[in-house]
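Next come the chains, spelled out residue by residue.
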Amino acid sequence: MLKFIKGHMETIQGIEIYPIISLLIFFLFFVVLFWWVYTAKKDYVQEVSQIPLDNENDNQL
């Protein structure tokens, strides 16, 4: 199956750019995510970490 896909993909012109683009998107996503986590304010992180433990916002059905 992989031979069939690889052989078919080799016939398409300009397809070699797509793996590079996907790698760049993947890398940039994690760089931005790391930057956001690193620069997040400690107060915001503390507030968000307490949300699951907050009993005031429980919705009773």
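Preceding this paragraph is the structure being described.
Per chain, residue numbering runs from 1 following the sequence as it is written. In keeping with the model being predicted, local features are shown solely for residues with a pLDDT of at least 70 and side-chain atom pairs are shown and tallied solely at 80 or more, while totals for entire chains, interfaces and linings include all residues. Computation of side-chain values covers all heavy atoms of the structure but excludes hydrogens and water.

Draft legend 1. Main features of the overall build of the protein. Helix and strand labels come from DSSP, where a helix needs a run of H or I of at least four residues and a strand needs a run of E of at least two; each type is numbered from the N terminus. Looking only at helices and strands, the protein has 3 helices and 0 strands in total. Accessible area is worked out with a 1.4 Å probe on protein chains only. A residue is then buried under 20% of its type maximum, exposed over 50%, and partly exposed in between. Relative to its full complement of 61 residues, the protein shows a buried share of 2%.

Draft legend 2. Geometry of the packing of aromatic side chains. Two rings belonging to Phe, Tyr or Trp (six-membered ring only in the last case) form a pair when the distance between their centres is within 6.5 Å. Interplanar angles under 30 degrees mark stacking, angles over 60 mark edge-to-face geometry, and anything in between is tilted. Within this structure, the stated rule accounts for 3 aromatic pairs. Ring geometry for phenylalanine 26 and phenylalanine 30: centres 4.8 Å apart, planes at 65°, overall edge-to-face. One end of the pair, phenylalanine 26, and the other, phenylalanine 30, are both in helix α2 (residues 17-39), 4 residues apart, so they sit about a helical turn from each other. Between the aromatic rings of phenylalanine 34 and tyrosine 38, the centroid separation amounts to 6.0 Å while the plane-to-plane angle is 15°, which identifies the pairing as stacked. Residue phenylalanine 34 and its partner tyrosine 38 are located together in helix α2, separated by 4 residues, close to a single helical turn. The two residues phenylalanine 34 and tyrosine 38 agree in class, both being exposed.

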